[in-house]
Amino acid sequence: MKFMVKIFPEVMVKGDAVKKKMIRQLYFNLKTLFERTAVDVELKRFWDKLEALCSDDVSETVGQILIKTPGIEQVLEAQQYPAKTLDAIADVVVAQAADSIKDKRFVVRAKRTGTHDFTSNDIERYVGQRLFDLQISAGVDLKNPQVKIELEVHQDQLNLIQHRHKGLGGFPMGTQGEVLSLVSGGFDSTVASYLMMRRGLKTHFVFFNLGGAAHELGVKQVAL
């Protein structure tokens, strides 16, 4: 399984030096989280995104970590295939997505990066025609489709998007300094801590135990 991690937009509009620093911080934050949960993930860093490769049996755990980590706007869950030509791309999509368009209106959306002799629009038209020729769908609908087939082509690699997940947003934790949060286990300190963490502040918890063991246990559960 492959996860493509889209960075929070406010990070992407920063200057090159600041943006690079924030993406690097997010990369190390995720490395720490994956090591802490003992899942085997290959994490790759690019100038505008991150990619996480893992086996299918740990994909749910990896996905949950990604969508709960500050600094991530969106997580795209994809299957990766080798594909060099329009025919190869269409063959993969027909094999993987034909069942999903049965008796439904569909559209194909593609993004392409790299050097090719075809454009993103060429991919959409060619793959869409191949699917339409199967004569199992209810037709093509560019405005209000029931099924949207999303592709990303990078050089000789095809990423077939399975699902999109909304991330936590905000800045990567540790990029905006550090704060202390006096936590009591109640509503105010919990929400304040969450908002500070989401904005990239490394938040350390301070707890004054005035209520005994039960109070301490409750606060630890809230903090976790």
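Structure: above.
Quick caveat: nothing in here was measured; it's all calculated off a predicted structure.

Let's talk about the side chain of Ser-59
Moving on, step 1. Its location among the elements puts Ser-59 in helix α3 (residues 59-67).
Moving on, step 2. Its relative accessible area of 14% is what places Ser-59 among the buried residues.
Moving on, step 3. A polar atom in the side chain of Ser-59 sits 2.9 Å from the backbone oxygen of Asp-56.
Moving on, step 4. Residue contacts for Ser-59: discarding those within four places in its chain leaves Met-1, Phe-3 and Cys-54.

Topic: the packing of aromatic side chains
Moving on, step 1. Under the counting rule described, the total for this entry stands at two aromatic pairs.
Moving on, step 2. On the basis of an interplanar angle of 85° and a centroid distance of 5.8 Å, the ring pair of Phe-8 and Phe-171 is categorised as edge-to-face. Here Phe-8, found in the loop between β1 (2-7) and α1 (9-12), pairs with Phe-171, found in the loop between β8 (157-169) and β9 (178-182); they are 163 residues apart in sequence, far enough to count as distant.
Moving on, step 3. When its relative accessible area of 5% is taken as the criterion, Phe-171 is described as buried.
Moving on, step 4. Between Arg-45 and the ring centre of Tyr-27, over which it is positioned, the NZ or CZ distance is 5.1 Å.

Remarks on helix α2 (residues 16-36)
Moving on, step 1. Its 21 residues give α2 an end-to-end C-alpha distance of 30 Å, which sits within 8% of 30 Å, the value for a rise of 1.5 Å per residue.
Moving on, step 2. When we look at burial in α2, the residues that qualify are Lys-19, Met-22, Ile-23, Leu-26, Tyr-27, Asn-29, Leu-30 and Phe-34. One side of α2 carries all its buried residues, which in axial view fall inside an arc of 165°. Exposed residues on α2 whose side chains face more than 90 degrees from its buried face are Ala-17, Lys-20, Lys-21, Glu-35 and Arg-36.
Moving on, step 3. For α2, the secondary structure elements touched by its buried residues are β1, α1, β2 (42-45), β3 (49-53), α3 and β4 (72-82).
Moving on, step 4. Following α2 by one or two positions, Ala-38 adopts a phi angle in the positive range, close to 60°.

Examining the pattern of salt bridges
Moving on, step 1. This model, assessed by the stated rule, comprises 12 salt bridges.
Moving on, step 2. Between Lys-6 and Glu-152 there is a salt bridge, with the nearest N and O atoms lying 3.8 Å from each other. In this pair, Lys-6 is assigned in strand β1 and Glu-152 in strand β7 (residues 147-154), connecting sequence segments 146 residues apart.
Moving on, step 3. Given a relative accessible area of 25%, Lys-6 falls into the partly exposed group.

Comments concerning the nonpolar core
Moving on, step 1. If you look at the biggest cluster of nonpolar residues, it comprises 25 residues, and the most contacted ones within it are Phe-3, Leu-30, Phe-34, Leu-50, Val-62 and Leu-66.
Moving on, step 2. Of all the elements in the fold, those that place two or more residues in this core are β1, α2, β3, α3 and β4.
Moving on, step 3. Ranked by residues supplied to this core, first place goes to α2 with six residues.
Moving on, step 4. With residues up to four places along the chain from it excluded, the contact list for Leu-50 reads Phe-3, Met-4, Val-5, Ile-7, Ile-23, Leu-26, Tyr-27, Leu-30, Lys-44 and Arg-45.
Moving on, step 5. Core analysis: the next-biggest nonpolar cluster, separate from the first, contains 23 residues, Val-93, Ala-97, Val-127 and Val-153 among them.

Definitions and limits used
Residues numbered from 1 in each chain as written. Predicted model: local features only at pLDDT ≥ 70, side-chain atom pairs only at ≥ 80, totals over all residues. Heavy atoms only, no water. Helix = DSSP H or I, 4+ residues; strand = E, 2+ residues; numbered from the N terminus. Buried < 20%, exposed > 50% of the residue type's maximum accessible area, 1.4 Å probe, protein only. Polar contact = N/O pair within 3.5 Å; in protein donor to acceptor, adjacent residues only side chain to side chain. Contact = heavy atoms within 4.5 Å. Phe/Tyr/Trp six-rings, centres within 6.5 Å; stacked < 30°, edge-to-face > 60°. Lys NZ or Arg CZ within 6 Å of the ring centre and 35° of its normal. Expected span 1.5 Å × (residues − 1). Arc of directions from axis to C-beta. Salt bridge = Lys/Arg side-chain N within 4 Å of Asp/Glu carboxyl O. Core = buried A, V, L, I, M, F, W, Y, C linked by side-chain atoms within 4.5 Å.

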